Amino acid sequence: CVDLYEVSKACVDMLELNAKNHGIRIHCTGSKAVIQANKQMLEELVYNLCDNAIRYNRLGGKVEVTVSPRQG
């Protein structure tokens, strides 16, 4: 089991300087959300999504990552 919030927060932390250099604000919010997944593949997925969101954003834009457990 993997905590998606922890993975997302770690990726946002790693990409913070890159985002700043591109004039982008990046932020992660939410809460613990444990899922059954391959941690390494999930880290790569979240990192690539965030990296692309920074790369293809506009100057002064923002990237918001929100994680919350599914209700129901």
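Refer to the preceding data block for the structure.
Residues numbered from 1 in each chain as written. Predicted model: local features only at pLDDT ≥ 70, side-chain atom pairs only at ≥ 80, totals over all residues. Heavy atoms only, no water.

Quick look at the pattern of salt bridges now. In the structure shown here, the tally under the stated rule is 3 salt bridges. The salt bridge partner of Asp 51 is Arg 55, with a shortest N-O separation of 2.7 Å. Placement of the pair is Asp 51 and Arg 55 together in helix α2 (residues 39-55), with a separation of 4 residues, close to one helical turn. (Salt bridge = Lys/Arg side-chain N within 4 Å of Asp/Glu carboxyl O. Helix = DSSP H or I, 4+ residues; strand = E, 2+ residues; numbered from the N terminus.)

This part covers the packing of helix α1 (residues 4-21) against α2. The interhelical angle for the contact between α1 and α2, taken along N-to-C directions, is 35 degrees, at an axis separation of 9 Å. You can see that α1 and α2 cross each other, and the crossing is right-handed. On α2, the residues touching Leu 4, Val 7, Ser 8, Cys 11, Met 14, Leu 15, Asn 18 and Ala 19 of α1 are Leu 42, Glu 43, Val 46, Tyr 47, Cys 50, Asp 51 and Ile 54. For the contact of α1 with α2, the class distribution of residues is 11 nonpolar, 2 polar and 2 charged. (Axes fitted to C-alpha atoms, helices over the stretch in contact; angles between N-to-C directions. Left-handed = near helix turned anticlockwise from the far one by under 90°. Contact = heavy atoms within 4.5 Å. Nonpolar A, V, L, I, M, F, W, Y, C, P; charged D, E, K, R; others polar.)

Bringing the nonpolar core into the picture now. In this structure, Ile 26, Cys 50, Ile 54, Val 63 and Val 65 are the most contacted members of the largest nonpolar core, which totals 17 residues. For this core, the elements supplying multiple residues, two or more each, are α1, β2 (25-30), α2 and β4 (62-67). Considering each element in turn, this core owes the most residues, 5 residues, to α1. For Val 65, the residues in contact, after removing those within four places along its chain, are Ser 8, Val 12, His 27, Cys 28, Thr 29 and Cys 50. (Core = buried A, V, L, I, M, F, W, Y, C linked by side-chain atoms within 4.5 Å. Buried < 20%, exposed > 50% of the residue type's maximum accessible area, 1.4 Å probe, protein only.)

Coordinates in, geometry out; function isn't part of it.
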